[in-house]
Amino acid sequence: MRSGSGFDETVDANWWRQATVYQIYPRSFADADGDGIGDLPGVVSRIPYLKSLGIDAVWLSPFYPSALADGGYDVDDYRNVDPRLGTLDDFDEMVAALHEAGIKLIVDIVPNHTSDRHEWFKEALASPEGSPARERYIFRDGAGPSGCEPPADWESLFGGPAWTRVREPDGTPGQWYLHLFAKEQPDLNWDNREVRDDFLKTLRFWSDRGVDGFRVDVAHALAKDLTEPLPPKAVIDATLPHGSHPFWDRDEVHDIYAEWRQVFNEYHPPRTAVAEAGVPAHRRPRYASADGLGQAFNFDLLMADWDAAAFRRIIEENLELARASDASSTWVFSNHDVVRHATRYALPNGTDLHAWLLGGGADPQPDKEQGLLRARAATLLALALPGSVYLYQGEELGLHEVTDIPADARQDPAFFRNPGVEVGRDGCRVPLPWTVTGPSFGFGDGKAHLPQPDWFGQYSVEAETKDEASTLRFYRKALELRRRLQTSEELQWVERTDASALHFVRPGGWHSITNFGTEPVELPAGTVVLSSAPLSEGKLPTDTTAWLV
Ligand code: NOJ
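Computed from a prediction, not measured in an experiment: that's the story for all the values here. (Residues numbered from 1 in each chain as written. Predicted model: local features only at pLDDT ≥ 70, side-chain atom pairs only at ≥ 80, totals over all residues. Heavy atoms only, no water.)

A. Inspection of the site of the ligand at higher detail. Neighbouring the ligand are 13 residues, the closest being Asp70, Arg215, Asp217, His336 and Asp337. At 3.0 Å from an oxygen atom of the ligand is found a side-chain nitrogen or oxygen belonging to Arg425. Protein burial of the ligand: of its 300 Å² of free accessible surface, 96% is covered by the chains. Here the ligand occupies the largest pocket. (Near = heavy atom within 4 Å. Polar contact = N/O pair within 3.5 Å; in protein donor to acceptor, adjacent residues only side chain to side chain. Areas by Shrake-Rupley, 256 points an atom, 1.4 Å probe, with all protein chains shown as cover. 1 Å grid on protein atoms, 1.4 Å probe; cavity = no way out; pocket = protein on both sides within 12 Å on 5 of 7 lines; lining within 4 Å. Sits in = over half its atoms within 2 Å of the grid points.)

In structure tokens, the structure reads:
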């Protein structure tokens, strides 16, 4: 058996419940071989940095062979490493080095679709209609005369039609296949036993190599009811009773995860999983249940306005939902799919971010100082909550979104499939600045695969390590202190007369107070152990969180 598969009594099976998980988008983290693309040896070289940050686990976004039609979420081979990122040996070395540093590893798994370069899809294209090879995907005859119209008018999430017509092996126009995302991402048919078994094999493959958990991409889309006639877009876009949409959040999806759970439980500690499932809050507990994936992302704070009442409602609801499935909640402000939170908070509540990015990020002008102030306050608040916090690489530097990437450097399919409507997600995926100057600010020796702006150097790890007031030093301190909170999961609200302040107490008399208002507020008695910005005459200033014991 490989490392990590052995029975280890000393490992706490509940390590994930209040973990701080740091997301690495590997192509933009650290580039060890100077080809402009981050890689696994790059991750290994930065393990001392990860350790000094004080995280419990890394979530590694896809590192599999891929044509990068969707940043690696188009997987050619689920049981291998993209040669540009390294080898399986590099992967093993990375797992061992992370574990040596006391850091767990969660990998991304992408089960809804493969890439169009996957062996299975190539075989499906070379095989006739109705063949077992086509049965692994979702092929349908077209509508209209000679099948020239798509089987349904559904749209892909990246814009444009969700069906693409193929050329049959004899060169004639043929059937259509479903892709809820880009056309390079054909959806798998999860009614097919071979598909199911192959994923169980993949879960064991990485678990045997010592992976501690999985982040499950589009977890709510796998089960589909595509009985003919397929309903039109207008019907599926209208509110259908929960669980009856042809592909989103069908109840049968949980049968798949019950099988996965059995695999996770073959290991000690059991492998963990977190569902990326864009479902209404009340549908989340099933994904997060102990006989399912165990945890689900909650993006509610990420989407909330900067507002005390909104934050409180979301926190209360999610703590209750997590209790309902005996899971712990997750808290997220940034990831590789959204505008960085330091930038979101720099804009007035309700700003249309797509339109704003499309305009080059100039109208309205972001108030960067306020954005960072609020981002730090929000993060400190979340770090005081029961549950796990998922951080995204670069937020610990207070990085802002890069808004001026030229069109010819863009990579996101959302940009290419939505001309004039969306610029996509490249602005939060720009390679990290490690040094103040130098080629690609220390990311690697070559030119970074996405252009870095001049202002990146001042946010670099080098600059921020030297600056006592930096966001990096603040994150390090917060994560070190948070370890003391990773005990019981209780939280008690403290009701206050100033409605714009959120105040709660955790076990051991640990207070967290956030001021969402415009005036400084009084702090309770106690010692301030950390604040996200300096206090003002002993009071908690606007847009600030403080921890007191
Ligand atoms: C969610 C991932 O986070 C996103 O980056 C990707 O484009 C889609 N799923 C499709 O895999």
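B. The confidence of the model for the protein, seen in detail. Predicted confidence across the protein gives a mean pLDDT of 95, with 98% of residues reaching 70 or more. pLDDT under 50 marks residues 1-7. Its contacts with residues more than four places away, or in other chains, come to 13 contacts. (pLDDT = per-residue confidence, 0-100. Contact = heavy atoms within 4.5 Å.)

C. Region of the structure containing helix H3 (residues 88-100). Look at H3: 18 Å from first C-alpha to last across 13 residues, which is about the 18 Å you get at 1.5 Å a residue. All buried positions along H3 are accounted for by Phe91, Met94, Val95 and Leu98. The arc that holds every buried residue of H3, seen down its axis, measures 100°, which confines them to one face. Set apart from the buried face of H3 by more than 90 degrees, the exposed residues are Asp89, Glu93 and Glu100. Taken together, the buried residues of H3 touch helix H1 (40-45), helix H2 (47-53), strand S2 (57-60), strand S3 (104-109) and helix H6 (193-208). One or two positions beyond H3, positive phi appears at Gly102, with a value near 80°. (Helix = DSSP H or I, 4+ residues; strand = E, 2+ residues; numbered from the N terminus. Expected span 1.5 Å × (residues − 1). Buried < 20%, exposed > 50% of the residue type's maximum accessible area, 1.4 Å probe, protein only. Arc of directions from axis to C-beta.)

D. Geometry of the environment of Glu276. With respect to the helices and strands, Glu276 occurs in the loop between strand S8 (272-275) and helix H9 (284-288). Taking the relative accessible area as the measure of exposure, Glu276 reaches 15% and is therefore buried. In this structure the C-alpha to C-alpha distance between Glu276 and Thr202, which are 74 residues apart in sequence, comes to 18 Å. Leave out the neighbours within four places in its chain, and Glu276 touches Arg215, Val216, Asp217, Val218, Ala219, His220, Phe297, Phe299 and Asp337.

E. Here's a closer look at the packing of aromatic side chains. This model, assessed by the stated rule, comprises 39 aromatic pairs. Summarising the aromatic geometry, the rings of Tyr78 and Phe199 are spaced 5.0 Å apart at their centres and angled 65° between planes, so their arrangement reads as edge-to-face. Taken as a pair, Tyr78 in the loop between S2 and H3 and Phe199 in helix H6 lie far apart in primary sequence, 121 residues in all. A single burial state applies to Tyr78 and to Phe199, both of which are buried. Seen from their ring centres, Trp306 and Tyr345 are 5.3 Å apart, and the 65° between their planes marks the pair as edge-to-face. (Phe/Tyr/Trp six-rings, centres within 6.5 Å; stacked < 30°, edge-to-face > 60°.)

F. Inspection of the packing of H6 against helix H8 (residues 253-264) at higher detail. Their axes nearest at 10 Å, the elements H6 and H8 cross at an angle of 30°. Between H6 and H8, the interaxial angle falls into the category roughly parallel. You can see that H6 and H8 cross each other, and the crossing is right-handed. Judged by residue contacts, Arg193, Arg196, Phe199, Leu200, Leu203 and Arg204 of H6 engage Ile256, Glu259, Trp260, Val263 and Phe264 from H8. (Axes fitted to C-alpha atoms, helices over the stretch in contact; angles between N-to-C directions. Parallel < 35°, antiparallel > 145°, perpendicular 65-115°, else oblique. Left-handed = near helix turned anticlockwise from the far one by under 90°.)

G. Broad picture of the packing of helix H14 (residues 368-383) against helix H17 (residues 471-482). Packing of H14 against H17 brings their axes to within 10 Å, and their N-to-C directions diverge by 10°. Compared by their axis directions, H14 and H17 come out roughly parallel. Across the interface between the two elements, Leu372, Arg376, Thr379, Leu380, Ala382 and Leu383 from H14 touch Thr471, Phe474, Tyr475, Ala478, Leu479 and Arg482 from H17. For the contact of H14 with H17, the residue count by class is eight nonpolar, two polar and two charged. (Nonpolar A, V, L, I, M, F, W, Y, C, P; charged D, E, K, R; others polar.)

H. Summary view of the layout of surface pockets. Looking at the largest pocket, its volume works out to about 1400 Å³. Surrounding the largest pocket, 50 residues form its lining, Leu302, Met303, Asp337, Val338 and His354 being those nearest its centre. Counting only elements with at least two residues in the lining of the largest pocket, the list comes to helix H10 (300-303) and helix H13 (353-358). Residues that form the lining of the largest pocket fall into these classes: 24 nonpolar, 11 polar and 15 charged. Approximately 400 Å³ is the volume attributed to the second largest pocket. Together, 22 residues line the second largest pocket, and Ile236, Asp237, Ala238, His245 and Trp248 are the ones closest to its centre. Its residues placed into classes, the lining of the second largest pocket shows 10 nonpolar, eight polar and four charged. (Points joined across faces, edges and corners; volume = space filled by probe spheres on them.)

I. Looking closely at the sheet that holds strand S4 (residues 139-140). What the three strands build is an open sheet, ordered S4-S6-S5; its pairing is antiparallel. Looking at the sheet topology across the chains shown, the edges are occupied by S4 and strand S5 (163-167). Two strands pair when backbone bridges link them, and S4 and strand S6 (residues 173-178) are joined in this way by two bridges, in the antiparallel orientation. Counterpart to Arg140 in the pairing with S6 is Trp176. (Pairing = 2+ DSSP bridges.)

J. Representation of the nonpolar core. One finds Leu50, Phe91 and Trp260 to be the most contacted residues of the largest nonpolar core, which totals 134 residues. Element by element, the count of residues in this core is highest for H14, at eight residues. In this structure, Trp260 is in contact with Ile109, Pro111, Trp190, Phe199, Leu200, Leu203, Val216 and Leu293, ignoring residues within four places of it in sequence. Listed in part, the 18 residues of the second largest apolar core include Leu178, Val218, Leu230 and Ile236. (Core = buried A, V, L, I, M, F, W, Y, C linked by side-chain atoms within 4.5 Å.)

K. Structural detail: the pairing of strand S13 (residues 510-515). Of all six residues that make up S13, six are buried, and the element is covered over most of its length. Residues Trp510, Ser512 and Thr514 point to one face of S13 and His511, Ile513 and Asn515 to the other, with burial holding for every one of them. Direction of pairing for strand S12 (residues 501-506) relative to S13: antiparallel, over a ladder of six bridges. Bridge assignment links His503 to a residue of S13, and that residue is Ile513. Joining the antiparallel neighbours S12 and S13 is a turn of three residues, in which Gly508 adopts a positive phi near 85°.

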